[in-house]
Amino acid sequence: FLKGVTWRGTVNASQTPTMQAAQNSAQVFLGINLKCNSCHDSFISHWKLREAYALASFFSTEPLEIVKCDKATGETAQPTFLFPELVSISANATLAERRAAAARMFTSKENGLFARTIVNRLWKQLLGHGLVEPADEMENPAWYPELLDWLAADLIANNYDLKHLLRTIVLSEPYQR
């Protein structure tokens, strides 16, 4: 998952394994698609090129130079989470320390997007459509935000017990219908 795809030959900067690790992690754990802004500032979301490189820095053994549309900018990315208010880490931290910090940030109870993303993905699997669509765009409005927030809070309160979440959903009136 963190290694990404190692392509043969030359690839653009947005396809490097460290950038793929950032893209994959954000998409799976947060429902945030960073593919567009791995090359340039996104045209369809508020995420910026610098933020994609800052997240990719958590998965790199060396400092990452920011590359915009395959042109080096001369700037070096500092490891910063997409939501920097959750935690910060030194640029001198080892790869293992940065990966551990990233794991903590993605799964932190203070990061409500993680629980909401898990709830949304399971709801979609069980009922055929997510509470937020598409599932990889969790910043879109939920069609029933109170339900999504309640299920996410319940998931956190039950220590991310997926069996509990599944039981809650399958015993719900919407699932029964």
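Residues numbered from 1 in each chain as written. Predicted model: local features only at pLDDT ≥ 70, side-chain atom pairs only at ≥ 80, totals over all residues. Heavy atoms only, no water.

A.B. asks: When you look at the packing of aromatic side chains in this model, what are you seeing that I'm missing?
C.D. replies: Each aromatic ring pair is specified by the distance between its two centres and by the angle formed by the two planes. With the rule as written, the count across this model stands at seven aromatic pairs. With a centroid separation of 6.1 Å and an interplanar angle of 50 degrees, the aromatic rings of Phe29 and Phe114 are classed as tilted. Of this pair, Phe29 sits in helix α1 (residues 17–30) while Phe114 sits in helix α4 (residues 112–127), placing them 85 residues apart in sequence. Judged by relative accessible area, Phe29 falls into the partly exposed class, the value being 29%. (Phe/Tyr/Trp six-rings, centres within 6.5 Å; stacked < 30°, edge-to-face > 60°. Helix = DSSP H or I, 4+ residues; strand = E, 2+ residues; numbered from the N terminus. Buried < 20%, exposed > 50% of the residue type's maximum accessible area, 1.4 Å probe, protein only.)

A.B. asks: What should I look at first to understand the pairing of strand β1 (residues 65–68) in this one?
C.D. replies: Side chains on a regular strand alternate between the two faces of the sheet. Bridge analysis of β1 against strand β2 (residues 71–76) gives three bridges, and the strand direction is antiparallel. Bridging from a neighbouring strand, Val67 pairs with Ala72 of β2. The hairpin formed by β1 and β2 contains two residues between the paired strands, and Cys69 there has a positive phi angle of roughly 50 degrees. (Pairing = 2+ DSSP bridges.)

A.B. asks: What's the story with the environment of Met19 in this structure? I'm lost.
C.D. replies: In this fold, Met19 is placed in helix α1. A sequence separation of 41 residues divides Met19 from Ser60, and the C-alpha atoms of the two residues are 8.7 Å apart. Leaving out residues up to four positions away in the same chain, Met19 has contacts with Ala13, Ser14, Ser38, Ala52, Tyr53 and Ala56. (Contact = heavy atoms within 4.5 Å.)

A.B. asks: Got a minute to help me understand the packing of α4 against helix α5 (residues 145–157) in this structure?
C.D. replies: In helix packing, the relevant descriptors are the interaxial angle and the interaxial distance, both defined with respect to the helix axes. In contact at an axis separation of 8 Å, α4 and α5 are set at 110 degrees when each is read in the N-to-C sense. Here α5 runs roughly perpendicular to α4, going by the angle between their axes. Our pair here, α4 against α5, has a crossing hand that is right-handed. Residue-level contacts link Ala115, Arg116, Ile118, Val119, Asn120 and Trp123 of α4 to Leu147, Leu148, Asp149, Leu151, Ala152, Leu155 and Ile156 of α5. (Axes fitted to C-alpha atoms, helices over the stretch in contact; angles between N-to-C directions. Parallel < 35°, antiparallel > 145°, perpendicular 65-115°, else oblique. Left-handed = near helix turned anticlockwise from the far one by under 90°.)

A.B. asks: Looking at this structure, I do not really get α1. What am I missing?
C.D. replies: For an α-helix, 3.6 residues make a turn, and residues three or four places apart therefore share a direction. Helix length check: α1 (14 residues) gives 19 Å between terminal C-alpha atoms against 20 Å at 1.5 Å per residue, within 8%. Burial runs high along α1: ten of the 14 residues are buried. Taken together, the buried positions of α1 are Thr18, Met19, Gln20, Ala21, Ala22, Gln23, Ser25, Ala26, Gln27 and Leu30. Elements in contact with the buried residues of α1: α2 (49–56), α3 (95–107) and α4. Of the residues trailing α1, Gly31 is marked for its positive phi of about 65 degrees. (Expected span 1.5 Å × (residues − 1).)

A.B. asks: Please explain the environment of Leu34 as it appears in this structure.
C.D. replies: Relative to the elements of secondary structure, Leu34 occurs in the loop between α1 and α2. Under the relative-accessibility criterion, Leu34 is labelled buried at 1%. In the structure, Leu34 is positioned 45 residues away from Pro79 in sequence and 16 Å away in space, judged by C-alpha atoms. Beyond its immediate sequence surroundings of up to four residues, Leu34 is in contact with Ala22, Gln23, Ala26, Trp47, Leu55 and Leu82.

A.B. asks: Even after reading the chapter, I still don't get the nonpolar core, so can you show me in this structure?
C.D. replies: A general feature of soluble globular proteins is that nonpolar side chains tend to end up buried together. Among the nonpolar cores identified, the biggest contains 44 residues, and Ile32, Tyr53, Leu55 and Leu82 are the most heavily contacted of them. Residue assignment for this core shows that the elements contributing at least two residues are α1, α2, β1, α3, α4, α5 and α6 (162–170). Beyond its immediate stretch of four places on either side in the chain, Tyr53 contacts Ala13, Met19, Ser38, Leu64, Glu65, Ile66, Val67 and Ala77. (Core = buried A, V, L, I, M, F, W, Y, C linked by side-chain atoms within 4.5 Å.)

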